[in-house]
Amino acid sequence: MSQIEITLPDGSKQSLPSGTRPIDIAQSISPRLAEAAVVARVNGELYDLTRPLESDAALQILTPKDPESLDVYRHSTAHLLAAAVLELYPETKLGIGPPIENGFYYDFDRAVPFTPEDLEKIEKKMWEIQSRHLPYERVYTPKDMGLKKYADAWMKCELITERAGDVFSEYTLGPHFIDFCRGPHIPDTSKIKAFKLLSVAGAYWKGNERNKQLQRIYGTAFFTQREVEEYLKQIEEAKKRDHRKLGKELDLFSIQELAGPGLIFFHPKGGIIRKLLEDWMRDQYIARGYSLVYTPHVARLDLWKTSGHANFYAENMFKPIELDDAEYQLKPMNCPFHILIYADKQRSYRDLPVRLGELGTVYRYERSGVLNGLFRVRGFTQDDAHIFCTPEQIENEIVGCLQFAVDTLAAFGFDKYEAELSTWDGGASGKYAGSPEQWKLAENALMRATERLGLKVKLMPDEAAFYGPKIDVKLVDAIRRPWQLSTVQFDFNLPPRFGLEYIAEDGKTHQPLMVHRALYGSIERFFGILVEHYAGAFPVWLAPVQAIVLPITDRQNEYAHSVQKQLDAAGIRATVDGRSEKVNLKIREAQLQKIPYMLVVGGREAETDQVAVRNRKHGDQGAKPLAAFITEIRGLIDSKAVSE
Ligand SMILES: [Zn+2]
Ligand SMILES: [Zn+2]
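Please read all numbers here as calculations on a predicted model, not as lab measurements.

1. Structural notes on the packing of aromatic side chains
Tallying each qualifying case throughout the model produces 33 aromatic pairs. The interplanar angle of 70° and the centroid separation of 5.8 Å between the aromatic rings of W154 and W205 together place this pair among those described as edge-to-face. Of the two residues, W154 is situated in helix 6 (residues 154–163) and W205 in the loop between strand 12 (194–204) and strand 13 (213–222); the sequence distance between them amounts to 51 residues. You can call W154 partly exposed: its relative accessible area is 28%. Aromatic rings pair up to connect W280, F412, F414, Y520, F526 and W541 into one cluster.

2. Describing the sheet that holds strand 16 (residues 291–292)
Strand pairs in the sheet, formed through backbone hydrogen bonds, run parallel or antiparallel to each other. Spatial strand order, 16-20-21-28-25-24-22-23: eight strands in an open sheet with mixed pairing. Of all the strands in the sheet, the pair left with one neighbour each is strand 16 and strand 23 (457–460).

3. A closer look at a nonpolar patch on the surface
Together, V298, I321 and L323 make up an exposed nonpolar region whose accessible area comes to about 220 Å². Relative to the elements of secondary structure, V298 occurs in strand 17 (residues 298–300). According to the relative accessible area criterion, V298 is partly exposed, its value standing at 33%.

4. What about the nonpolar core?
The biggest cluster of nonpolar side chains holds 88 residues, and the ones touching the most others in it are L277, I398, F412, L567 and F629. Broken down by element, the residue count for this core peaks at 10 residues, all from helix 13 (residues 394–411). Discounting chain neighbours no more than four positions away, the residues touching L567 are A547, V549, I572, A574, L599, L626, F629 and I630. In this structure, L94, I186, L197 and I217 belong to the second largest nonpolar core, which totals 36 residues.

5. Focus: helix 1 (residues 22–29)
Buried within helix 1 we find P22, I23, I25 and A26. Angularly, the buried residues of helix 1 cover 160° about the axis, an arc narrow enough to put them on a single face. Tucked inside the fold, the buried residues of helix 1 contact strand 1 (3–7), strand 2 (13–17), helix 2 (31–36), strand 3 (39–42) and strand 5 (57–62).

6. Here's the deal with unusual backbone geometry
With the exception of glycine, most residues fall at negative phi, and the peptide bonds are largely trans. With an omega of -5°, the peptide bond running from G183 to P184 counts as cis. Relative to the helices and strands, P184 is located in the loop between strand 11 (177–180) and strand 12. The peptide bond linking L352 to P353 adopts the cis configuration, its omega dihedral lying at 0°. Structurally, P353 can be placed in the loop between helix 12 (335–343) and strand 20 (354–363). A positive phi angle is found at N102, which is not glycine, with a value near 70°. Turning to its location among the elements, N102 is positioned in the loop between strand 7 (99–100) and strand 8 (103–109). The residue A535 is not glycine, and still its phi comes out positive at about 50°. Following the sequence through the fold, A535 ends up in the loop between helix 16 (523–533) and strand 29 (547–551).

7. A word on the sheet that holds strand 33 (residues 619–625)
The strand order 30-29-31-32-33 describes an open sheet built from five strands, whose pairing is mixed. Across the chains shown, the open sheet's two edge strands, defined by having one partner strand only, are strand 30 (574–576) and strand 33. Strand-to-strand twist of the sheet, defined as the mean angle between neighbouring strand axes without regard to direction, takes the value 25°. Relative to strand 32 (residues 610–615), strand 31 (residues 597–601) is paired through four bridges, and the arrangement is antiparallel.

8. Describing the packing of helix 17 (residues 557–569) against helix 20 (residues 626–638)
Think of two packed helices as two axes; the pair is described by the angle between the axes and how far apart they sit. Relative orientation of the contacting elements helix 17 and helix 20 amounts to 35°, with a least axis distance of 11 Å. Judged by the sense of rotation from one axis to the other, the crossing of helix 17 with helix 20 is right-handed. Here V563, Q566 and L567 of helix 17 come into contact with helix 20, specifically with L626, F629 and I630. Its residues assigned to classes, the contact of helix 17 with helix 20 comprises five nonpolar, one polar and no charged.

9. Observations concerning helix 13
Counted at 1.5 Å a residue, the expected span for helix 13 with its 18 residues is 26 Å, and the 25 Å between its end C-alpha atoms agrees. Of all the 18 residues making up helix 13, 13 are buried; the element is thus mostly covered by neighbouring parts of the structure. Once helix 13 finishes, G413 follows within two positions and takes phi at roughly 90°, a positive value.

10. Some points on the coordination of the zinc ion (ligand 1)
H75 (NE2), H79 (NE2) and C181 (SG) make up the full set of protein donors to the zinc ion (ligand 1), lying at 2.0 to 2.4 Å. Going along the chain, you hit the donors of the zinc ion (ligand 1) in the pattern H-x3-H-x101-C. With a gap of 106 residues between them, H75 in helix 3 (residues 67–88) and C181 in the loop between strand 11 and strand 12 connect regions that are remote in the sequence. In this pair, the class of H75 matches that of C181, namely buried.

11. Description of the pairing of strand 23
Here strand 22 (residues 417–422) pairs with strand 23 via four bridges, running parallel. Residue pairing in the sheet places L421 in a bridge with L459 of strand 23. The handedness of the strand 22 to strand 23 crossover, carried by helix 14 (residues 436–453), is right-handed.

12. Examining the environment of Y467
On the secondary structure map, Y467 appears in the loop between strand 23 and strand 24 (470–476). In this structure the C-alpha to C-alpha distance between Y467 and F177, which are 290 residues apart in sequence, comes to 43 Å. With near-sequence residues (within four places) excluded, Y467 lies in contact with A433, W439, Q489, F490, D491, F492, N493 and H516.

Criteria and cut-off values
Think of each chain on its own: its residues are numbered from 1, step by step along the sequence as written. Whichever chain is written first is A, and whichever ligand is written first is 1; the rest continue in order. Note on the predicted model: pLDDT of at least 70 is required for a residue's local features to be given, and 80 or more for side-chain atom pairs to be given and counted; whole-chain, interface and lining totals, by contrast, use all residues. Hydrogen atoms and water are omitted, and side-chain values are computed over all heavy atoms in the structure. Two aromatic rings, drawn from Phe, Tyr or Trp (for Trp, its six-membered ring), form a pair once their centres lie within 6.5 Å of each other, and the interplanar angle then sorts them: stacked below 30 degrees, edge-to-face above 60, tilted otherwise. Numbering goes from the N terminus for both helices and strands, where a helix is a DSSP run of H or I of at least four residues and a strand is a run of E of at least two. To sort residues, take the accessible area from a 1.4 Å probe on protein chains only and compare it with the maximum for the residue type: under 20% means buried, over 50% means exposed, and anything in between is partly exposed. Pairing between strands is defined by DSSP: at least two bridges between the two strands are required. Patch membership needs two things, relative accessible area over 30% and no salt bridge, and members are linked within 9 Å if like-charged or within 5 Å if nonpolar (Val, Leu, Ile, Met, Phe, Trp, Tyr). Working definition of accessibility: Shrake-Rupley area with a 1.4 Å probe, residue cover restricted to the visible protein chains. For salt bridges, the criterion is a side-chain nitrogen of Lys or Arg within 4 Å of an Asp or Glu carboxyl oxygen. Definition used in this section: a nonpolar core is a set of buried Ala, Val, Leu, Ile, Met, Phe, Trp, Tyr and Cys residues joined via side-chain atoms within 4.5 Å. Contacts are assigned to residue pairs that have any heavy atoms within 4.5 Å of one another. The arc under discussion is defined with respect to the helix axis, by the directions toward the C-beta atoms. Between the N-to-C directions of two axes lies an angle of 0 to 180 degrees, each axis being a line fitted to C-alpha atoms and, for a helix, fitted only over the stretch in contact. Put simply, a crossing is left-handed when the front helix is turned counterclockwise from the back one by less than a right angle, and right-handed when it is turned clockwise. For this scheme, ten residues count as nonpolar: Ala, Val, Leu, Ile, Met, Phe, Trp, Tyr, Cys and Pro. Four count as charged, namely Asp, Glu, Lys and Arg, and the remainder, Gly too, count as polar. What a helix is expected to span follows from its residue count: subtract one and scale by 1.5 Å. The donor set comprises N, O and S atoms within 2.8 Å of the metal, extended to 3.2 Å for Na, K and Ca; water molecules are omitted, so apparent gaps in a site may simply reflect that omission. With strands facing away from the observer, any crossover in which the path from the first strand over the helix to the second runs clockwise is taken as right-handed.

Honestly, it's all geometry; don't read function into it.
Below is the structure:
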């Protein structure tokens, strides 16, 4: 039998018979490692622990500690779900069943809808199959045979026709389940320790609403029961904070059927918050040396041909509008517009850096199935800026962008965040634009900037956009969910496409470096994140109504209105609830509206020019002179305090 050479992560080498499996090697290193093992990495690729090794390889055994393990584990749990469904409902046809963030799903075609009781039954069946310690077996099938075998499984046939090579891999699990699947998987079901089915929802085959609607069962899976429970708690909490629910209850925004999906209407209360977000950002632009620009919502399609978007971004764009002189395109991005402003005159190195910023509204086509409240929309406003500078300036510019990003998070009460630096593959694949020198310069600048700011950053090799490396900043919200927010992104593609240049000190023309950066990302989405982070109880400076005056009886209505007038004059957004209702009911409703301060006024307060202050979080604060309350709340507003 031929020998193969296996290199372990510590550099040690073993000569072993061809056909040795990763699990055998794990076992020979230590039974504990074999017990913990989830999957193997062979020459950089994930491999089943039971898949025979047939040539020299670098091998790493992955355990739950390795981030890649969880997806494999969840994908295997999805197979377990499908196997259970087939045992219970053999007439069901299988779609796809991938791992997703926090869990997995599987799509099923079955005439009868799954009920919550069915989910319980399926979950029980999954545990039963789990306890049989069934192996996930990888088998190979020639394409023509596979098509015959799957003749009555229409979705699998479609996938095999589209994706399979001459021979493709399948995974079995028990007698009923076999799936066209690339894998890899865990060795057997005994490795599955903790999961929970969550819900069933309609989903179109391949996400296309022209296709058949399937039933998608969602589940969560973690390596431990404790993590599953924590996640379930987080889901409960997230439901209470859902910005779509709160958006309605607090009358912040709506989506109008008549106007179309994914298009947001800000109501007066949402509108005031949006104005404050926009003002904050524009003021920061000015303070940090950006120039404010305004650009149109449409432009000739030719512009998008020059930029390349008409080609590589076509799927995400609304269809062009035919006018008498040309076709026009709703803008999916602001970049080409800012480029036109930059290129409108000759630039010298003395003019650089040029920082052009705009709250620019863009329109992108998203399939209606993926639209989600304020988080996935078809029209949104980016706080978008583009920086054009020299190579000497770039590091400071990146430092400025990242500092700005971190300051933005802090201003809105986020003190936890994560940063990711996406780099290229060194040019190996040829899929990236730009020269190795450009990539090196840009990646170094990004790296050094994070070092200068003491920002911890996770490296994401080969995750860059094709046109340049980037840093993403993700915030972590009040219930520990990460949200991708700010991006600082190099672009080696657009400057040459538009022939951008500047006259350098040497008197010659050079191409400037270009950086895209958006900090809120989209104002709509950031607004939605704020709603969920604060559960609708916005910091006082952002609250649409900052104080509500609650007269105890009608006799205090006049005093209540004079209080409101004085608050008004002090620039505080206040209303009066003058209805002839019990004050307790008024308090309850104001509390539900998450109004920071309720000012209860009875006969005594009216006589002494006082207000009895009640805070939405801290309750009764006692009576105090109106002037003292105004000073207090102004302090919170002026300092833009994030808690009261
Ligand atoms: Zn699979
Ligand atoms: Zn851009």
